[in-house]
Amino acid sequence: MCRNAKVLLVISSLFAFSMGLSSIFINVFFWRETNNLIVIAIYNLIINLTTPITFVFAGILSKKKNGIWSLRLGLLIYALFFALILYIGNKGTIYIYSLGIISGIAAGFYWLPFNVLCCDFTSINNRDTFNGLNGGFSGLAAIIGPITAAVIINGFKGLTGYRIVFTITCVIFILLVLISAIFRCNDYSDKIDYKRAFGSNSENWRIIRKSTFFRGLRDSVMMFLINILAIEVFKRELTLGIFALVASLMTSFSYVLVQKIIKPPHRKLAILIGIIGSFLAVWPLVINVKYSTLFMYAIIEAFCLPFFLIQLSSATFNVIDSSNEENSKIEYMINRDVVLNGGRAFSVSILIIIILIFKDISAIKAYLIFLSFSPLISGYFLRKLNNILS
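Residues numbered from 1 in each chain as written. Predicted model: local features only at pLDDT ≥ 70, side-chain atom pairs only at ≥ 80, totals over all residues. Heavy atoms only, no water.

Chemist: Can you walk me through unusual backbone geometry in this structure?
Modeler: Working note: non-glycine residues mostly have negative phi, and peptide bonds are mostly trans. If you check the backbone angles, Asn 35 has positive phi at about 55 degrees while not being a glycine. Relative to the assigned elements, Asn 35 resides in the loop between helix H1 (3–34) and helix H2 (37–64). Positive phi values are uncommon outside glycine, yet Lys 235 reaches one of about 75 degrees. Topologically, Lys 235 is positioned in the loop between helix H8 (203–234) and helix H9 (237–261). (Helix = DSSP H or I, 4+ residues; strand = E, 2+ residues; numbered from the N terminus.)

Dropping the structure here:
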């Protein structure tokens, strides 16, 4: 791998550590203050809506200059986001929706260039290796982050622990901005092709869009809902940190395992393992939400999901490469993120409607059954890419 790819791995790992410190505890922090699942869901919905819009502006900046400028801006806005939480303190819940907008803007400016640079700094020959290493390193960083944050939060009274965690996160993001100065990349000096950014483009890309939509349908809701259910069952942030630690250990192991054993002829098998495991992982929670079923979900999901996600990520970049449109990577990334966050926003919106109408845990469990099928549909479409996966 080239020098830029190695620097990107460092940034990705530190980013994973900083988000591991804070991301699961942001939703818990707001939950502690509001005890209102609809507020948390709307906060996440705002992020899902703001991110793809920001992708377009990030794409314009990246096309005019290069992806590094947008990446730095995203990291700076993340630093601003956590600085604002520190400044606002326990009044953050009043500004929760505004913070959701800022978080969505930060995500848009960070993830667009990150995905494009992943594509620029790798090739078909080493992309699986890069994705495997990135997942492994990020997983290791994510192992340390949540348990460290949980110990800090648990060791102080009130919101003091949260303030320390958010301060550390803010400092790391500022450090990441400085590290990004190591990158060397030529300016694109181009303009956005909006037809490419929002169109279907090709048959293979239509399949990627469908698979990505059904992936998004599940992941946003599961990310925040599982943490809320967990803190209600565990009662303590330290136990939630241990919960995240177990999941991160399993994820890291799985990413390394996939990188070692899954070669091109076995990509369809990897997809099958990933989607069946993700489907089965939800069912213990449908039966009963308790300590054992939460850990069962975390272990199965964390082990199986990387088998699918690595193939989806690699297939996405390989479809872009096979289109012979080297100058359209940014448009393709905008295209993918609009579909991904479209699935996320659609799913969160349904959850909000269900809570408003039924106001009962059994309705949420029924929705979990619906969400359990989305990986199967996503994998069904992805497995159609015979020429890409072989």
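Read on for the rest.
Chemist: Is there a simple way to think about the side chain of Ser 12 in this case?
Modeler: As for its position among the elements, Ser 12 is in helix H1. If we skip the residues at most four places from it in the chain, Ser 12 touches Tyr 110, Phe 114, Asn 134 and Ser 138. (Contact = heavy atoms within 4.5 Å.)

Chemist: I would appreciate a short explanation of the pattern of salt bridges in the present structure.
Modeler: Close approach of charged atoms allows side chains with opposite charge to pair. On inspection of all chains with the given rule, the structure shows six salt bridges. With a closest N to O distance of 2.6 Å, Glu 301 and Arg 218 form a salt bridge. Separated by 83 residues along the polypeptide, Glu 301 in helix H11 (residues 291–322) and Arg 218 in helix H8 bring together distant segments of the chain. When sorted by exposure, Glu 301 lands in the same class as Arg 218, which is buried. Salt bridges sharing partners connect three or more residues here, namely Arg 215, Asp 219 and Arg 344. (Salt bridge = Lys/Arg side-chain N within 4 Å of Asp/Glu carboxyl O. Buried < 20%, exposed > 50% of the residue type's maximum accessible area, 1.4 Å probe, protein only.)

Chemist: Would you explain the packing of H1 against helix H4 (residues 96–120) in this entry?
Modeler: Describing two packed helices takes the angle between their axes plus the distance from one axis to the other. The geometry of H1 relative to H4 is characterised by a closest axis approach of 13 Å and an angle of 160 degrees between their N-to-C directions. Regarding the angle of H1 to H4, the classification is roughly antiparallel. You can see that H1 and H4 cross each other, and the crossing is left-handed. Along its contact with H1, which presents Leu 8, Ile 11, Ser 12, Phe 15 and Phe 30, the element H4 presents Ile 96, Leu 99, Tyr 110, Trp 111, Phe 114, Leu 117 and Cys 118. Each residue belonging to the contact of H1 with H4 can be placed in one class, and the counts come to eleven nonpolar, one polar and no charged. (Axes fitted to C-alpha atoms, helices over the stretch in contact; angles between N-to-C directions. Parallel < 35°, antiparallel > 145°, perpendicular 65-115°, else oblique. Left-handed = near helix turned anticlockwise from the far one by under 90°. Nonpolar A, V, L, I, M, F, W, Y, C, P; charged D, E, K, R; others polar.)

Chemist: How should the nonpolar core be read in this particular structure?
Modeler: Grouped burial of nonpolar side chains is what soluble globular proteins tend to show. Counting residues in hydrophobic clusters, the biggest one holds 128 residues, and the most contacted among them are Tyr 78, Phe 82, Phe 173, Leu 240, Phe 243 and Leu 385. Top contributing element to this core by residue count: H1, with 15 residues. Discounting chain neighbours no more than four positions away, the residues touching Phe 173 are Phe 15, Ser 18, Met 19, Leu 75, Tyr 78, Ala 79 and Phe 82. (Core = buried A, V, L, I, M, F, W, Y, C linked by side-chain atoms within 4.5 Å.)

Chemist: It is not clear to me how helix H6 (residues 160–179) should be interpreted in this structure. Could you clarify?
Modeler: The periodicity of an α-helix, 3.6 residues per turn, causes residues three or four positions apart to be oriented the same way. In this model, H6 (20 residues) spans 29 Å end to end at C-alpha, consistent with the 28 Å of a helix rising 1.5 Å per residue. Of the positions making up H6, those classed as buried are Gly 161, Tyr 162, Val 165, Phe 166, Thr 169, Cys 170, Ile 172, Phe 173, Leu 176, Val 177 and Ile 179. (Expected span 1.5 Å × (residues − 1).)

Chemist: Teacher, can you tell me more about H1 here?
Modeler: Across its 32 residues, H1 extends 46 Å between first and last C-alpha, which sits within 8% of the 46 Å expected from 1.5 Å per residue. At Met 19, H1 shows its strongest bend, of approximately 40 degrees. Along H1, 23 of the 32 residues are buried, which leaves the element largely enclosed by surrounding structure. Of the residues flanking the end of H1, it is Asn 35, one or two places downstream, whose phi is positive at about 55 degrees. (Bend = angle between axes of the 7 residues up to and from the residue.)

Chemist: Help me understand the environment of Glu 237 in this model?
Modeler: Note on placement: Glu 237 falls in helix H9. The spacing of Glu 237 and Ile 147 is 90 residues in sequence and 9.0 Å in space, taken between C-alpha atoms. Ignoring any residue separated from it by four or fewer positions in sequence, one finds Glu 237 in contact with Phe 25, Val 28, Arg 32, Ala 150, Ile 153, Tyr 162 and Ile 231. Only 3.2 Å separates the side chain of Glu 237 from the side chain of Arg 32, close enough to count as a polar contact. (Polar contact = N/O pair within 3.5 Å; in protein donor to acceptor, adjacent residues only side chain to side chain.)

Chemist: When you look at the side chain of Ser 180 in this model, what are you seeing that I'm missing?
Modeler: Tracing the backbone shows Ser 180 in the loop between H6 and helix H7 (194–198). Note on Ser 180: relative accessible area 0%, which makes it buried. Within the local environment of Ser 180, its side chain forms a polar contact with the side chain of Arg 72, the two groups lying 2.9 Å apart. Apart from the residues within four sequence positions on either side, Ser 180 is in contact with Ile 11, Ile 68 and Arg 72.

Chemist: Mind showing me how you'd approach the packing of H11 against helix H12 (residues 329–358) here?
Modeler: Where H11 contacts H12, the two axes come as close as 11 Å, and the packing angle between them is 140 degrees. Compared by their axis directions, H11 and H12 come out oblique. Note that H11 runs across H12; the crossing there is right-handed. Counting all contacts with H11, which are made through Thr 316, Phe 317, Ile 320 and Asp 321, the residues of H12 involved are Lys 329, Tyr 332, Met 333 and Arg 336.

Chemist: Quick question: what am I supposed to make of the environment of Ala 58 here?
Modeler: Mapping Ala 58 onto the fold places it in helix H2. You can call Ala 58 buried: its relative accessible area is 0%. Sequence separation of Ala 58 and Ser 23 is 35 residues, and the distance between their C-alpha atoms is 22 Å. Residues within four places of Ala 58 in sequence aside, it is in contact with Ser 70, Gly 108, Phe 109 and Leu 112.

Chemist: Looking at this model, I keep getting lost on the packing of aromatic side chains. Mind explaining?
Modeler: The description of two aromatic rings rests on the distance between their centres and on the angle between their planes. Under the criterion given, the structure shown has 32 aromatic pairs. Ring centres of Phe 30 and Tyr 43 lie 5.2 Å apart, and the angle between their planes is 65 degrees; on these two criteria the pair is classed as edge-to-face. A residue pair is termed long-range when its members are at least 10 positions apart, and Phe 30 in helix H1 and Tyr 43 in helix H2 qualify at 13 residues. What makes Tyr 43 buried here is its relative accessible area of 3%. Ring centres 5.3 Å apart and planes at 85 degrees place the aromatic pair Phe 243 and Phe 295 in the edge-to-face group. Separated by 52 residues along the polypeptide, Phe 243 in helix H9 and Phe 295 in helix H11 bring together distant segments of the chain. For Phe 243, a relative accessible area of 5% puts it in the buried group. A relative accessible area of 13% means that Phe 295 is categorised as buried. Its guanidinium or amino end placed over the ring of Trp 69, Arg 72 lies 5.9 Å from that ring's centre, counting from NZ or CZ. (Phe/Tyr/Trp six-rings, centres within 6.5 Å; stacked < 30°, edge-to-face > 60°. Lys NZ or Arg CZ within 6 Å of the ring centre and 35° of its normal.)

Purely geometric stuff here, so don't read any function into it on its own.
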